[in-house]
Amino acid sequence: MGVTTVTDVRPAFAGAESGVLQTLFRTEQGGHEQVVLCQDRASGLKAVIAIHSTALGPALGGTRFHAYASEEEAVLDALNLSRGMSYKNALAGLDHGGGKAVIIGDPDLIKTEELLLAYGRFVASLGGRYVTACDVGTYVADMDVVARTNKWTTGRSPENGGAGDSSVLTAYGVFQGMRASAQHLWGDPTLRDRKVGIAGVGKVGHHLVEHLLQDGAEVVITDVRAESVDRILARHPRVTAVADTEALIRTEGLDVYAPCALGGALSDDSVPVLTAKVVCGAANNQLAHPGVEKDLSDRGILYAPDYVVNAGGVIQVADELHGFDFDRCKAKAAKIFDTTLSIFARAKSEGIPPAEAADRLAEQRMAEARTAGGPRA
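A brief look at the structure comes next. Keep in mind that what you see is a predicted model, and the values were worked out from it rather than measured. (Residues numbered from 1 in each chain as written. Predicted model: local features only at pLDDT ≥ 70, side-chain atom pairs only at ≥ 80, totals over all residues. Heavy atoms only, no water.)

**With respect to the overall build of the protein**
The condition that has to hold: Note on conventions: DSSP H or I runs of at least 4 residues are helices, E runs of at least 2 residues are strands, and numbering of each starts at the N terminus. We compute the radius of gyration over the C-alpha atoms and compare it with the globule rule, which gives 2.2 Å times the number of residues raised to the power 0.38. The rule is simple: take the accessible area with a 1.4 Å probe, protein chains only, and divide by the maximum for that residue type; under 20% is buried, over 50% is exposed, in between is partly exposed. Should any heavy atoms of two residues lie within 4.5 Å, those residues are considered in contact. In this description, accessible areas are obtained by the Shrake-Rupley approach with a 1.4 Å probe, and a residue is regarded as covered only by the protein chains that are shown. The sign given to each residue is positive for Lys and Arg and negative for Asp and Glu; His and the chain ends receive no count. Taken as the charge centre is NZ of Lys, CZ of Arg, CG of Asp or CD of Glu, depending on the residue.
Counting its secondary structure elements, the protein contains 15 helices and 12 strands. The C-alpha radius of gyration of the protein comes to 20 Å, within 12% of the 21 Å expected for a compact globule of 377 residues. Along the longest, intermediate and shortest principal axes, the C-alpha atoms of the protein span 55 × 45 × 40 Å. Burial statistics for the protein: of 377 residues in total, 57% are counted as buried. For the protein, long-range pairs separated by at least 24 residues make up 66% of all intrachain contacts whose partners lie at least 6 apart in sequence. Per element, the accessible surface of the protein, about 15200 Å² overall, is 51% carbon and sulfur. In the protein, which carries 37 positive and 47 negative side-chain charges, the distance between the mean positions of the two groups comes to 4 Å.

**Focus: the packing of helix H13 (residues 326–334) against helix H14 (residues 336–350)**
Going by this rule: Note on method: axes are straight lines fitted to C-alpha atoms, helices fitted across the in-contact stretch only, with angles between N-to-C directions ranging 0 to 180 degrees. The labels follow the angle: roughly parallel below 35 degrees, roughly antiparallel above 145, roughly perpendicular from 65 to 115, and oblique for the rest. The classification used treats Ala, Val, Leu, Ile, Met, Phe, Trp, Tyr, Cys and Pro as nonpolar, Asp, Glu, Lys and Arg as charged, and all other residues, Gly among them, as polar.
Interaxial distance between H13 and H14 falls to 4 Å at its minimum, and their mutual angle equals 15 degrees. Here H14 runs roughly parallel to H13, going by the angle between their axes. Note on element contacts: H14 touches H13 through Ile336, Phe337 and Asp338, opposite Lys332, Ala333 and Ala334. Residue composition of the contact of H13 with H14, by class: four nonpolar, no polar and two charged.

**Some points on the layout of surface pockets**
Cut-off, in case you're wondering: Note on definitions: the grid is 1 Å and covers protein atoms alone; a cavity is a set of points where a 1.4 Å probe fits but cannot get out; a pocket is an open set with protein on both sides within 12 Å along at least five of seven lines; lining residues have an atom within 4 Å of a point. Grid points are joined across faces, edges and corners, and a volume is the space filled by probe spheres set on the points.
By volume, the second largest pocket is sized at about 300 Å³. Lining the second largest pocket are 16 residues, and of these Arg64, Asp77, Asn80, Gly263 and Gly264 sit closest to its centre.

**Focus: the environment of Pro290**
Its location among the elements puts Pro290 in the loop between strand S11 (278–279) and helix H10 (292–298). Once the C-alpha coordinates of Pro290 and Ser267 are considered, the two residues, 23 residues apart in sequence, prove to be 9.8 Å apart.

**Topic: the sheet that holds strand S10 (residues 256–259)**
Picture the strands of a sheet paired through backbone hydrogen bonds; they go either parallel or antiparallel. Inclusion rule: Strands were regarded as paired on the criterion that DSSP finds at least two bridges between them.
The six strands lie next to each other as S9-S8-S7-S10-S11-S12, forming an open sheet whose pairing is parallel. Edge strands, defined here as strands with exactly one partner in the open sheet, are strand S9 (240–241) and strand S12 (302–303).

**Considering H14**
To be explicit about the condition: Expected span of a helix: the number of residues minus one, times 1.5 Å. This arc corresponds to the set of directions leading from the helix axis out to the C-beta atoms.
An ideal rise of 1.5 Å per residue puts 21 Å on 15 residues; H14 measures up with 21 Å between its terminal C-alpha atoms. Listed in full, the buried residues belonging to H14 are Ile336, Phe337, Thr340, Ile343, Phe344 and Ala347. On an axial view of H14, the arc spanned by its buried residues comes to 130 degrees, and they lie on one face. Immediately downstream of H14, the backbone of Gly351 shows phi near 65 degrees, a positive value.

**Describing empty space enclosed by the protein**
Which parts of space are left empty comes out when a probe the size of a water molecule is rolled across the atoms. On inspection of all chains with the given rule, the structure shows two cavities of 30 Å³ or more. By volume, the second largest cavity is sized at about 50 Å³. In this structure, the second largest cavity is lined by 10 residues; those nearest its centre are Leu81, Gly84, Met85, Asn284 and Asn285. Where the lining of the second largest cavity is concerned, the elements lending two or more residues are helix H2 (71–91) and helix H11 (306–309). Ranked by residues supplied to the lining of the second largest cavity, first place goes to H2 with four residues. Broken down by class, the residue content of the lining of the second largest cavity amounts to four nonpolar, three polar and three charged.

**Some thoughts on the environment of Asp165**
Residue position: Asp165 is located in the loop between helix H5 (140–146) and helix H6 (167–186). Sequence-wise, Asp165 and Leu212 are 47 residues apart; in three dimensions their C-alpha atoms are separated by 20 Å. In contact with Asp165, other than residues within four places in its own chain, are Val140, His207 and Gln316.

**Re the nonpolar core**
Rules: Here, nonpolar core means buried Ala, Val, Leu, Ile, Met, Phe, Trp, Tyr and Cys residues that are tied together by side-chain atoms lying within 4.5 Å of each other.
Ranked by internal contacts, the top residues of the largest apolar core, which has 39 residues, are Met178, Ile198, Leu208, Val209, Leu212 and Ile221. For this core, the secondary structure elements donating two or more residues are H6, strand S7 (195–199), helix H7 (205–214), strand S8 (218–222), helix H8 (226–235), S10, helix H12 (312–320) and H14. Not counting chain neighbours up to four residues away, the residues in contact with Ile198 comprise Gly205, Leu208, Val209, Leu212, Val219, Val220, Ile221, Thr222, Leu248, Ala258 and Cys260. Grouped together as the second largest cluster of nonpolar side chains are 21 residues, Cys38, Phe65, Ala101 and Met143 included.

This is the structure we're talking about:
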């Protein structure tokens, strides 16, 4: 399983038989509670807000700002990401359901204060059912603007009552997941003398490099942005770089592969040629489609489910709602080590891939909350 990725989205929203509408009401693929299409002509805003579940509490998840190839692709991404957030928040022990928003367009070209304020008004119209934060293409400064029209905003700057950059604890949590993977596979919770390949050294990836180097790992990197690679190499001469992800996953002697960019990194094309023994990274929705988790298992590759190990950021922004305390958040993020180990243990005992074991644990918590009439927005 591994948080089933929605793939049945056909072009256009033509009638009730469209793939999008089928997906929204098909429990085994989507089962979303609410999806909101937002448009503000004055600012040029086009956005999708997807609320997958509020069984555990108000939906919490970031806002992605991306130049999608089509509006249908944007809806698909929002559906997949919001469902993943339900699972992530459940296993992080948070009293939050899953939600996600996407803003359609190139943030370098169309992001304006007017657009962000308009977006904030749409989020506010949901009355707290969805709490937003940063994601790919949005930053702390953006959340400060959104918060001017929407009080259900996290990931703000400390100057504006927020917790600041959530990528710090996201990277820390991924590192804990790697340590748990090393413990499970090699009997020692350290990456010392292990070769770790990181695809994407931007907001999260560059912090992960620091943790790994401090732990004594050998680090190989790649990124589509040359400036991101150059920044790492200038600061850490011991780090090496390869041309692209295709070269990285084929690197000889690779122990751990860490996808830290966009989703779909684990596919029918990449898994057969992957040299690493462990996959543990920050990217969301790493499994390109259902069945990939079994392919990894069949090849003897240990997969640390992405929504388990990358939960440090959401732990941080959730804490912001209650008066942010970094040490408290870091202590919670450190528990990702134990959660990951417990998932590996369950997977082994039940003879299933770790992704399926993680899904079962998350679904169990959400089901128990629904049965008990748990907290809802």
